[in-house]
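# Working through the structure, step by step
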Amino acid sequence: MIDYGKILNPEVLNIKPSGIRKFFDIAETMKDVISLGVGEPDFPTPWQIRQAGIKSLEESKTRYTANRGLQALRETIAAYMKRKYQITYDPAKEILVTVGGSEAIDAGLRATVCSGDEVIIPQPSYVCYEPITQLVGGVPVVIETRAEDEFKLTPEALRAAITPKTKVLILPYPCNPTGAIMEREDLEKIAAVLRDTNILVISDEIYAELTFGGKAHVSIASLPGMAERTIVVNGFSKAFSMTGWRLGYACGPKEIIAQITKIHQYAIMCAPTTSQYAAIAAMTGCDEVVAEMAEEYDARRRLIVDSFNKIGLTCRNPRGAFYAFPSIRKTGMSSEEFCEKLLAAKHVAVVPGTAFGRGGEGFIRASYCYSTEHIKEALRRIGEFLEELS
Amino acid sequence: MNIKLLKLLNKNARYSMADLSSMTGRSIEEVAADIDELEKSGVIRGYKTVVDWERLDNSYVSALIELKVTPKARLGFEEVAKKVMKYPEVESVYLMSGSYDLCVMVKGKTFQGVAMFVAKELSTIESVTSTATHFVLRRYKELDVELCDDEHDDRGHFSF
């Protein structure tokens, strides 16, 4: 008999499986679940983007591209980064097209973090940073951001977390699940802490196109002296409703991008070719469609936030991404307990805040990537659930 | 911004004042006053329900009629269009560019009824030089609303 205990990598075995898997499985068995649980747009990929993908297939563009990605796409990304975020990147050396933002994060951490290096991770945040850090032998150093700071990373908390072993700061804004954003003045303070250090920022800006209230996203790489110490990770999934196309990119100093490209070259070869052609169309001809989707998200955001507050769950205005993050503390339940009971009693699926780090205790994440009718029905059921509790 | 309000109502005329207030970020009173004003000034012309009659035994037939019109001194396009639109059988009338002049959507209980209406009423109008009738066989989408149910949310219940 083969001994899998001896086969499997202890580092992998040490990664804790998502504690809420069981509860996901329960939802799968229910017929009339109304979910606010997903982290991806409900809009289909805009037609002109799909068409560009189809056209590339018709023209037999079905082979590998350059490891870094199509030259034309890298040039398009460079122009986009300049136009949107006022950052200049050399498409030949400072941009790598990846399989989703996820690959950029993975390869970015693998290219930089050595055994024992510390990676600072503000939480609650997206679930991948901690396990990947562990896989590369790094030590995750979690900063728990606080509701009273609007879940922003503060310079005080950052300064307190930095040690001589700190290698990387993950900057996950606009933030899934909290909806927090970092405005220019917030970023200035973070930049001031980092400028004289040898710490690299991996800035996960996948939700950059989704900020509300007239404040356009600011990238920390656009601040003086920061581009040389920042890898900007972005992608097509959220802004252009292209989750299934698996396409993202990393922009940063050529010294680092060259090394990330080596990992990408051996592990992946190149990002999907069809997706790359579609992505060029996304960045060049879709401003209007993207603005329309953002407007729709904004209306839903206002609706879901008002509705949570009306049924008595305090919910601050998320400033970016597409999630509401209301507090459920007043129910006296833990986040997981709340979500399990809500699912059992009303068949409504939301994600416990603790799925995104211990600091998410007392909160739930409710996605508003759903029609207004769907959101209203879900909130009606949550309202009933709360009434039946009291 | 009334455009935002109109877009929302155009999508769903049954949103409550409270929903509209939430979604536009304005007070219920302001939204109500705006709607009132939009109705009075004629920007909002009415509220209707999109019905898929084929799901009932109460189905009807409709047709697109191409009208060619040779305008005369007394009966120009405008006059013909206004005359046509008064028939209760007529759902919509558009002045068109291209190979014909007026596009008329007509509704009736039977194919025969619609055909007779075209022959007896539309084609006899002075200035109308020809008609072509195209019956609608199936409706897939009407007024932005999809009438077939093959779309479903394939995203599952959870993802991070």
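Residues numbered from 1 in each chain as written. Chains lettered and ligands numbered in written order. Predicted model: local features only at pLDDT ≥ 70, side-chain atom pairs only at ≥ 80, totals over all residues. Heavy atoms only, no water.

### Some thoughts on the environment of P46 of chain A
Residue and element names in this part refer to chain A. For clarity, the cut-off: Helix and strand definitions here come from DSSP, where helices need a minimum of 4 consecutive H or I residues and strands a minimum of 2 consecutive E residues; each element is numbered from the N-terminal end. We call a residue buried when its accessible area falls under 20% of the maximum for its residue type, exposed when it is over 50%, and partly exposed in between, using a 1.4 Å probe and counting protein chains only. Every residue pair with non-hydrogen atoms within 4.5 Å of one another is taken to be in contact.
Turning to its location among the elements, P46 is positioned in the loop between β1 (34–35) and α4 (47–58). Classification of P46 by relative accessible area gives buried; the value is 6%. Expressed as a C-alpha distance, the spacing of P46 and T230, which sit 184 residues apart in the sequence, is 31 Å. Leaving out residues up to four positions away in the same chain, P46 has contacts with F240, S241, V289 and M293.

### As for the pairing of strand β7 (residues 230–235) of chain A
Residue and element names in this part refer to chain A. What counts, and what does not: Here the rule is simple: two strands pair whenever DSSP picks up at least two bridges between them.
For β7, the buried fraction is high: 6 of the 6 residues fall into the buried class. Going residue by residue along β7, you find T230, V232 and N234 tucked away on one face and I231, V233 and G235 tucked away on the opposite face as well. The sheet contact formed by strand β6 (residues 200–204) and β7 spans 4 bridges and is parallel. Bridge pairing in β7 places I202 opposite I231. Examined bridge by bridge, β7 and strand β8 (residues 248–251) share 4 bridges and lie antiparallel to one another.

### A closer look at a nonpolar patch on the surface
What counts here: Only residues whose relative accessible area exceeds 30% and that take part in no salt bridge are eligible for patches, with like-charged residues grouped when within 9 Å of each other and nonpolar side chains (Val, Leu, Ile, Met, Phe, Trp, Tyr) grouped when within 5 Å. Areas reported here follow the Shrake-Rupley algorithm with a probe of radius 1.4 Å; residue values treat only the protein chains shown as occluding. Criterion for a salt bridge: a side-chain nitrogen of Lys or Arg within 4 Å of a carboxyl oxygen of Asp or Glu.
On the surface, a nonpolar cluster with roughly 530 Å² of combined accessible area is contributed by I2, Y4, I7, L8 and L13 of chain A. Relative to the helices and strands, L13 of chain A resides in helix α2 (residues 10–14).

### So, the nonpolar core
For soluble globular proteins, the rule of thumb is that nonpolar side chains tend to be buried together. Residues and elements named next belong to chain A. Filter applied, for reference: By nonpolar core is meant a set of buried Ala, Val, Leu, Ile, Met, Phe, Trp, Tyr and Cys residues that side-chain atoms within 4.5 Å join together.
If you look at the biggest cluster of nonpolar residues, it comprises 60 residues, and the most contacted ones within it are L36, I304, F308 and F338. Not counting residues within four places of it along the chain, the set of residues in contact with L36 comprises I304, A349, V350, R365, A366, S367, Y370, H374, I375, A378 and L379. Membership of the second largest hydrophobic core comes to 31 residues, among which are L70, I77, A279 and C286.

### Quick look at the domain arrangement of chain B
Quite often, the size of an interface is put as the accessible area lost when its parts meet. This is how the line gets drawn: Where each domain begins and ends is defined by an automated method or by a domain database.
Parsing chain B into structural domains produces domain 1 (2–40) and domain 2 (53–138). Here the C-alpha centre of domain 2 of chain B lies 34 Å away from the C-alpha centre of domain 1 of chain B.

### Quick notes on a negative patch on the surface
Quick reminder of the rule: When charges are counted, Lys and Arg are positive and Asp and Glu negative, with His and the chain ends excluded. By convention, the point assigned to a charge is CZ for Arg, NZ for Lys, CD for Glu and CG for Asp.
Taken together, the side chains of E146, D150, E151 and D154 of chain B make up a negatively charged region of the molecular surface. On the secondary structure map, E151 of chain B appears in the segment after β6 (145–146).

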